[in-house]
Amino acid sequence: MDVKTGLFYLFATVLLFAGFRVITSRNPVYAALYLVLAFFQAAAIWILLKAEFLAIALVLVYVGAVMVLFLFVVMMLDINIDSMRQGFWKHFPFAAAVGALIALEMAAVLMGGFRVSEESRNLAGAAPIGAQISNTKELGKLLYTEYLYPLEIAAVILLVAIVAAIALTLRQRKDSKHTNPSEQVRVRARDRVEIIKMKVTQPAVEEVAAAAGVEKKA
């Protein structure tokens with residue numbers, strides 16, 4: 001067994017363990033952290049398969065954005081874990097049936113992929129075509145030439161979604177103190193500093209208080 005095969009089995013083992021802990025962990029924060037670990041292991045396997053773009057996209061999009069947002073939401077919300085556990089065994093048969101159906105579908109897809117035809121066996125010994133070409137570079141060329149307009153449309157839709165999310169969640173609180181930056185830029189020195197003319201010498205505080213008391217008595 002070579003190093004690449006050993007790394008594949010290592011990453012796959014950790015991936016299976018992390019995926020099992022995602023569905024068995026009772027704390028949602030721990031489950032999300034195990035899911036992050038599973039994403040990292042899947043990205044490592046994709047790198048072994050020379051799919052660098054998919055690995056980087058998985059880490060940046062899911063680990064760097066989606067899971068971090070999910071962790072913030074879970075930690076900020078006061079989730080009652082005991083109420084979440086209620087009705088587990090009530091819905092367990094339906095969940096088990098759905099899980100078994102998904103497992104059968106995945107098994108059918110994988111078994112179909114393992115069947116190697118005679119033509120592919122004959123071509124197995126031939127040199128791979130385009131082995132020295134970077135798949136990330138070719139994917140970038142394809143996106144920005146043939147699929148340029150769909151890519152731009154998707155970018156505009158995402159931008160509109162981000163602006164809409166900010167507009168819906170932005171609320172101006174009346175009790176919060178804030179400063180207008182434009183007023184700070186237009187400020188002048190005489191607006192901030194006021195020069196008051198005062199006498200050089202002034203009487204002591206006790207003398208002023210005594211004089212005021214005498215005047216009151218009079």
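Anything mentioned here points back to the structure above.
Just so it is clear, the model here is predicted, and its values are computed rather than measured. (Residues numbered from 1 in each chain as written. Predicted model: local features only at pLDDT ≥ 70, side-chain atom pairs only at ≥ 80, totals over all residues. Heavy atoms only, no water.)

A. Broad picture of helix α2 (residues 28-48). The end-to-end C-alpha distance of α2 is 30 Å, a good match for the 30 Å that 21 residues give at a rise of 1.5 Å each. Structurally, the start of α2 carries an N-cap: the backbone nitrogen of Val 29 is 3.1 Å from a side-chain oxygen of Asn 27. Where α2 ends, the next residue or the one after it, Lys 50, has phi of about 65°, a positive value. (Helix = DSSP H or I, 4+ residues; strand = E, 2+ residues; numbered from the N terminus. Expected span 1.5 Å × (residues − 1). Polar contact = N/O pair within 3.5 Å; in protein donor to acceptor, adjacent residues only side chain to side chain.)

B. Main features of the environment of Val 66. Secondary-structure assignment places Val 66 in helix α3 (residues 52-76). For the pair formed by Val 66 and Val 36, sequence separation is 30 residues and the distance between their alpha carbons is 10.0 Å.

C. Quick peek at the side chain of Gln 41. Structurally, Gln 41 is set in helix α2. A relative accessible area of 12% places Gln 41 in the buried class. Other than its neighbours up to four places away in sequence, Gln 41 contacts Phe 11, Val 14 and Leu 15. (Buried < 20%, exposed > 50% of the residue type's maximum accessible area, 1.4 Å probe, protein only. Contact = heavy atoms within 4.5 Å.)

D. Up close: the packing of aromatic side chains. Within the structure shown, the criterion is met by three aromatic pairs. Centroid distance Phe 17 to Tyr 34: 6.1 Å. Interplanar angle 85°. Geometry classified as edge-to-face. Residue Phe 17 is located in helix α1 (residues 3-24), and its partner Tyr 34 is located in helix α2; the two are separated by 17 residues in the primary sequence. With a relative accessible area of 24%, Tyr 34 lands in the partly exposed category. Taking the centre distance of 5.4 Å and the plane angle of 45° together, the rings of Phe 39 and Tyr 62 count as tilted. (Phe/Tyr/Trp six-rings, centres within 6.5 Å; stacked < 30°, edge-to-face > 60°.)

E. Inspection of the packing of α1 against α2 at higher detail. Contact geometry of α1 with α2 gives a least axis separation of 8 Å together with a crossing angle of 155°. It follows from the interaxial angle that α1 and α2 lie roughly antiparallel. In this structure, α1 meets α2 at a crossing whose hand is left-handed. Here Lys 4, Leu 7, Phe 8, Phe 11, Ala 12, Val 14, Leu 15, Phe 17, Ala 18, Arg 21 and Val 22 of α1 lie close against α2, whose contacting residues are Ala 31, Tyr 34, Leu 35, Leu 37, Ala 38, Gln 41, Ala 42, Ala 44, Ile 45 and Leu 48. (Axes fitted to C-alpha atoms, helices over the stretch in contact; angles between N-to-C directions. Parallel < 35°, antiparallel > 145°, perpendicular 65-115°, else oblique. Left-handed = near helix turned anticlockwise from the far one by under 90°.)

F. Local environment of the packing of α2 against α3. Where α2 contacts α3, the two axes come as close as 9 Å, and the packing angle between them is 175°. For the element pair α2 / α3, the angle class is roughly antiparallel. Contact residues: α2 offers Pro 28, Val 29, Ala 32, Leu 33, Leu 35, Val 36, Phe 39, Phe 40, Ala 42, Ala 43, Trp 46 and Ile 47, while α3 offers Leu 54, Ala 55, Leu 58, Val 59, Tyr 62, Val 63, Met 67, Phe 70, Leu 71, Val 74 and Met 75. Here the contact of α2 with α3 is composed, by residue class, of 23 nonpolar, no polar and no charged. (Nonpolar A, V, L, I, M, F, W, Y, C, P; charged D, E, K, R; others polar.)

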